[in-house]
Amino acid sequence: MKTKALTVLITFTLLFVISCNSLTQNNVEQQNVKNIIFMIGDGMGLNHMYAAMTANGGTLALEEITHVGLQKTYSASRYITDSGASGTAMACGKKTYNGAIGVDIEKNELESILKVGEKNGYATGLVATSTITHATPATFIANDTSRGNYEAIALDFLLTDIDVFIGGGLDNFTKREDGRDLTKELEEKGYTVTRSMGELAGVTDGKLAAFTAEGSNPRATEGRGDMLAIATKKALELLSQNEKGFFIMIEGSQIDWGGHDNDQDYVVTETLDFDKAVKVALDFAKADGETLVVITADHETGGMIVLNGDFDSGSVETVFTTGGHTGQLIPVYSYGPFAELFTGIFENTGFKERFEKAWGIITE
Ligand code: MG
Ligand code: ZN
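Residues numbered from 1 in each chain as written. Chains lettered and ligands numbered in written order. Predicted model: local features only at pLDDT ≥ 70, side-chain atom pairs only at ≥ 80, totals over all residues. Heavy atoms only, no water.

**Student:** Looking at this structure, I do not really get the packing of helix α9 (residues 227–239) against helix α11 (residues 264–288). What am I missing?
**Tutor:** Axis angle and axis distance: for two packed helices, these are the angle between their axes and the distance between the axes, and together they describe the pair. At a closest axis distance of 8 Å, the pairing of α9 and α11 adopts a crossing angle of 25°. Taken together, the axis directions place α9 and α11 in an arrangement best described as roughly parallel. In this structure, α9 meets α11 at a crossing whose hand is right-handed. On α11, the residues that touch L228, A229, T232, K233 and L236 of α9 are D273, F274, K276, A277, V280, A281 and F284. When its residues are assigned to classes, the contact of α9 with α11 shows eight nonpolar, one polar and three charged. (Axes fitted to C-alpha atoms, helices over the stretch in contact; angles between N-to-C directions. Helix = DSSP H or I, 4+ residues; strand = E, 2+ residues; numbered from the N terminus. Parallel < 35°, antiparallel > 145°, perpendicular 65-115°, else oblique. Left-handed = near helix turned anticlockwise from the far one by under 90°. Contact = heavy atoms within 4.5 Å. Nonpolar A, V, L, I, M, F, W, Y, C, P; charged D, E, K, R; others polar.)

Here it is as structure tokens:
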């Protein structure tokens, strides 16, 4: 009799433990990502990253990521992509022609992941060390047949409800052929508009349009300083006030420019600058627990190869094989819930659907 009672007790306890366990597992499976931080080092190939790692004594903040994948960057028109086509592919999920901004090969407008986020109640943001109207950030917010139409691209910012954007390019908003002052129009829409990094600290809530330069920002080592890391921190502070979550794209724009110049020091210092922003993002994600961070590039620039180096002195020897972009497979680094979606080898059109899966907007 006693044995029977004990058996019943053990059976019930086991059943209870098993059902609790499966409940927890189901909850974990159904838990969607709240925040998405997408970081693009323009032109940052594997060797750019390793050169920076070597110069930094053999390590980077980026190494905290837990998953790695590879993406194919070719465009619909060329084996070698530009930042317009690759940005559009990543932002909007479709291959297009070089120079396109958020439009397909037939010039139809595409919907970016930033706009999908906006439509679904997420706060949205863009940060770049180039002008904010430059190709990479533009593909997330604008639709234009050509990346050179900076004034038209600036107008597209007003057609959205983007919450925070920080970058250069004030002139595209104020010194325009149509005579409009878009900073006034942004203020009328409720934005705080700032024109220097110093003003950023004072903005603690609401919508922010922050211009850090009239044109392009200077290099990190020539006056820009820690603009990218500071801007990233401010953007995350503002966007995380939205209960549903947020999407932000943060670009280290000038790694590409160092590659085009075949300037190793430019590449290394801009990659290290980008890594400081990566640290800000990963620290946020670690503390938050509901944030997915994906870090990649749009293509490689310069055909840069690390030939030799020394971790103790931080010296590194590289060679460039072209002044343009190359067709190399590009690493995808990820961290946080759903990071495993970004492993394997996939097309640059695969980011948008993976982000939508992480948010639970699409399930297949
Ligand atoms: Mg770019
Ligand atoms: Zn380039």
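**Student:** Explain the pairing of strand β10 (residues 305–310) to me, please; I cannot follow it from the model alone.
**Tutor:** Each regular strand displays side chains that alternate between the two surfaces of the sheet. For β10 and strand β11 (residues 315–319), the ladder comprises five bridges, and the chain directions are antiparallel. Looking at β11, one finds that D310 is bridged to S315. As consecutive antiparallel partners, β10 and β11 are separated by four residues, and within that stretch G314 has a phi angle of approximately 75°, a positive value. (Pairing = 2+ DSSP bridges.)

**Student:** Any chance you could explain the sheet that holds strand β7 (residues 246–252) here in plain terms?
**Tutor:** The strands that make up a sheet are held in pairs by hydrogen bonds between backbone atoms, and each pair lies either parallel or antiparallel. As summarised here, the arrangement of the ten strands in space is β5-β6-β4-β3-β7-β1-β8-β13-β2-β14, forming an open sheet in which the pairing is mixed. Each end of this open sheet is capped by a strand with a single partner; those strands are β5 (191–194) and β14 (344–347). For this sheet the average axis-to-axis angle between neighbouring strands, irrespective of direction, equals 15°. Its contacts with the sheet put helix α12 (residues 351–359) on β1 (35–41), β2 (67–72), β7, β8 (291–296), β13 (330–335) and β14, and the angle it makes with β8 is roughly 170°.

**Student:** How should I be thinking about helix α2 (residues 46–55) in this particular structure?
**Tutor:** Side chains that are three or four residues apart share a direction in an α-helix, a result of its 3.6 residues per turn. Of all ten residues in α2, seven are buried; the element is thus mostly enclosed. Directly beyond the C-terminal end of α2, a positive phi value near 85° is found at G57. (Buried < 20%, exposed > 50% of the residue type's maximum accessible area, 1.4 Å probe, protein only.)

**Student:** Whenever I open this one, the coordination of the zinc ion (ligand 2) confuses me. Can you help?
**Tutor:** Those donors, D256 (OD), D256 (OD), H260 (NE2) and H325 (NE2), are the protein atoms that reach the zinc ion (ligand 2), and they lie 2.1 to 2.4 Å from it. Between consecutive donors of the zinc ion (ligand 2), the numbers of intervening residues give the motif D-x3-H-x64-H. On the criterion of sequence distance, the pair formed by D256 in helix α10 (residues 255–260) and H325 in strand β12 (residues 325–326) is long-range, its members being 69 residues apart. Each member of the pair, D256 as well as H325, is classed as buried. (Donors = N, O, S within 2.8 Å, 3.2 Å for Na, K, Ca; no water.)

**Student:** What am I meant to see in the coordination of the magnesium ion (ligand 1) here?
**Tutor:** Four donors placed tetrahedrally about a metal ideally form angles of 109.5 degrees, and six donors placed octahedrally ideally form angles of 90 or 180 degrees. Each protein donor to the magnesium ion (ligand 1) is listed here as D42 (OD), T136 (OG1) and E251 (OE); together their distances run 2.0 to 2.2 Å. One chain supplies every donor for the magnesium ion (ligand 1), spaced along it as D-x93-T-x114-E. Here D42, found in the loop between β1 and α2, pairs with T136, found in helix α5 (residues 135–141); they are 94 residues apart in sequence, far enough to count as distant. Look at T136 and you get buried, because its relative accessible area is 0%.

Function-wise, these values are silent; they only describe arrangement.
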